[in-house]
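Secondary and tertiary structure notes
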Amino acid sequence: MTLRGHFLIATPAIHRGFFNRSLTYLCQHDEGGAMGIVVNQRLDITFIEMAQYLAMPTDSEMPDFPILAGGPISNDHGFVLHGPTGEWEGSQAVCHDISLTTSRDILCALAAGKGPEECLVALGYAGWAPGQLEAEIADNSWLTVAADRQTLFHSDTSQKLAEAGRKLGIDIDLLTASAGHA
């Protein structure tokens, strides 16, 4: 079973490091491994600041938004999760109406105010070798739930983890790494 298009909710078993209290959107999951973007960790840079650093002209009417820490791998490369799919050079479909794009053309379009309305821009990604994610799920490091557009694109970054937990009917802040015995 593929978990592509699902959220990975970090449990308290991941009590330190990059993935502590993280929410990851899985873009790929198959026999070759898994790849996702962490969607609830902000960097201390905004899109306008990044566009200026990359010498991209920006539209004065463009709303500014945070850049996310997408994961510990290739954190100097940009990844744009967006919908609808569009015609961007480096796009790959994740689900029927959500894509992941890694090409500069989408960043230029966003800076000009002509990019997709629903988007997240991240630096870096998360990756798992074949069987690694399944083993981590079996070890209770992750909970999974089908992703939804509201949480992914429209919720405040600081609320995404709690919202994904509520989709499972849990309060993520009440989870514990300790197991009880009856």
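Details of the structure are given in the entry above.
Keep in mind that this is a model prediction, so the values were computed, not measured.

The rules behind each value
- Residues numbered from 1 in each chain as written.
- Predicted model: local features only at pLDDT ≥ 70, side-chain atom pairs only at ≥ 80, totals over all residues.
- Heavy atoms only, no water.
- Helix = DSSP H or I, 4+ residues; strand = E, 2+ residues; numbered from the N terminus.
- Rg over C-alpha atoms; globule rule 2.2 N^0.38 Å.
- Buried < 20%, exposed > 50% of the residue type's maximum accessible area, 1.4 Å probe, protein only.
- Lys, Arg positive; Asp, Glu negative; His and termini not counted.
- Charge placed at Lys NZ, Arg CZ, Asp CG, Glu CD.
- Core = buried A, V, L, I, M, F, W, Y, C linked by side-chain atoms within 4.5 Å.
- Contact = heavy atoms within 4.5 Å.
- Salt bridge = Lys/Arg side-chain N within 4 Å of Asp/Glu carboxyl O.
- Polar contact = N/O pair within 3.5 Å; in protein donor to acceptor, adjacent residues only side chain to side chain.
- Phe/Tyr/Trp six-rings, centres within 6.5 Å; stacked < 30°, edge-to-face > 60°.

Our next topic: the overall build of the protein chain. Tallying secondary structure elements over the protein chain gives five helices and ten strands in all. For the protein chain, whose C-alpha radius of gyration is 17 Å, the value lies close to the compact-globule estimate of 16 Å for 182 residues. Taken along its principal axes, the extent of the C-alpha atoms in the protein chain is 60 × 30 × 25 Å. For the protein chain, the proportion of its 182 residues judged to be buried stands at 43%. If you average the places of the 10 positive and of the 22 negative side-chain charges in the protein chain, the two averages end up 3 Å apart.

Before going further, it helps to spend a moment on the nonpolar core. By size, the foremost hydrophobic cluster in this structure holds 22 residues, and its most contacted members are Tyr25, Ile37, Val39, Leu81 and Leu152. If you list the elements that add at least two residues to this core, you get strand E1 (6-10), strand E2 (23-30), strand E3 (33-38), strand E6 (73-83), strand E8 (98-101), strand E9 (118-128), helix H4 (149-154) and helix H5 (160-167). Not counting the four nearest positions on each side in its chain, Leu152 is found in contact with Phe7, Tyr25, Val39, Leu81, Ile98, Leu120 and Lys160. Core analysis: the next-biggest nonpolar cluster, separate from the first, contains 15 residues, Ile67, Ile106, Ala111 and Leu123 among them.

Because each turn of an α-helix spans 3.6 residues, side chains separated by three or four positions end up pointing in the same direction. Along H5, the positions that sit buried rather than exposed are Lys160, Leu161, Ala162, Ala164 and Gly165. Packed against the buried residues of H5 are E1, E2, E9, strand E10 (142-146) and H4. Among the residues trailing H5, Gly169 stands out with phi positive, at a value near 80°.

With that settled, the discussion passes to helix H2 (residues 104-111). Every buried residue belonging to H2 is among Ile106, Leu107, Ala109, Leu110 and Ala111, and all of these are buried. Packing partners of the buried residues in H2 comprise helix H1 (47-53), E6, E8 and E9. Phi turns positive, to about 75°, at Gly113, one or two residues after H2.

A side chain of one charge can pair with a side chain of the opposite charge when the charged atoms of the two come close. Tallying each qualifying case throughout the model produces four salt bridges. Between Asp173 and Arg21 there is a salt bridge, with the nearest N and O atoms lying 3.0 Å from each other. Placement of the pair is Asp173 in the segment after H5 and Arg21 in the loop between E1 and E2, with a sequence separation of 152 residues. On the accessibility criterion, Asp173 (51% relative accessible area) is exposed. Bridged by salt links that share partners, the residues Asp97, Glu118 and Arg149 form one connected network.

Turning next to the side chain of Asp148. Structurally, the position occupied by Asp148 is in the loop between E10 and H4. Here the side chain of Asp148 touches Thr151 through a polar contact of 2.9 Å, side chain to side chain. Look past the residues within four positions of Asp148 in its chain and what remains in contact with it is Phe7 and Lys167.

Turning next to the packing of aromatic side chains. Going through the model one piece at a time under the given rule, you end up with seven aromatic pairs. Between Phe7 and Tyr25, the aromatic rings sit 6.2 Å apart at their centres with planes inclined by 70°, giving edge-to-face as the arrangement. Residue Phe7 is found in strand E1, and its partner Tyr25 is found in strand E2; the two are separated by 18 residues along the sequence. The buried category is assigned to Phe7, whose relative accessible area is 0%. A relative accessible area of 1% places Tyr25 in the buried class. Plain terms: the ring middles of Phe47 and Phe65 are 4.9 Å apart, the flat faces sit at 15° to each other, and that makes the pair stacked. Here Phe47, found in helix H1, pairs with Phe65, found in the loop between H1 and strand E5 (66-69); they are 18 residues apart in sequence, far enough to count as distant. Each member of the pair, Phe47 as well as Phe65, carries the same accessibility label: buried.

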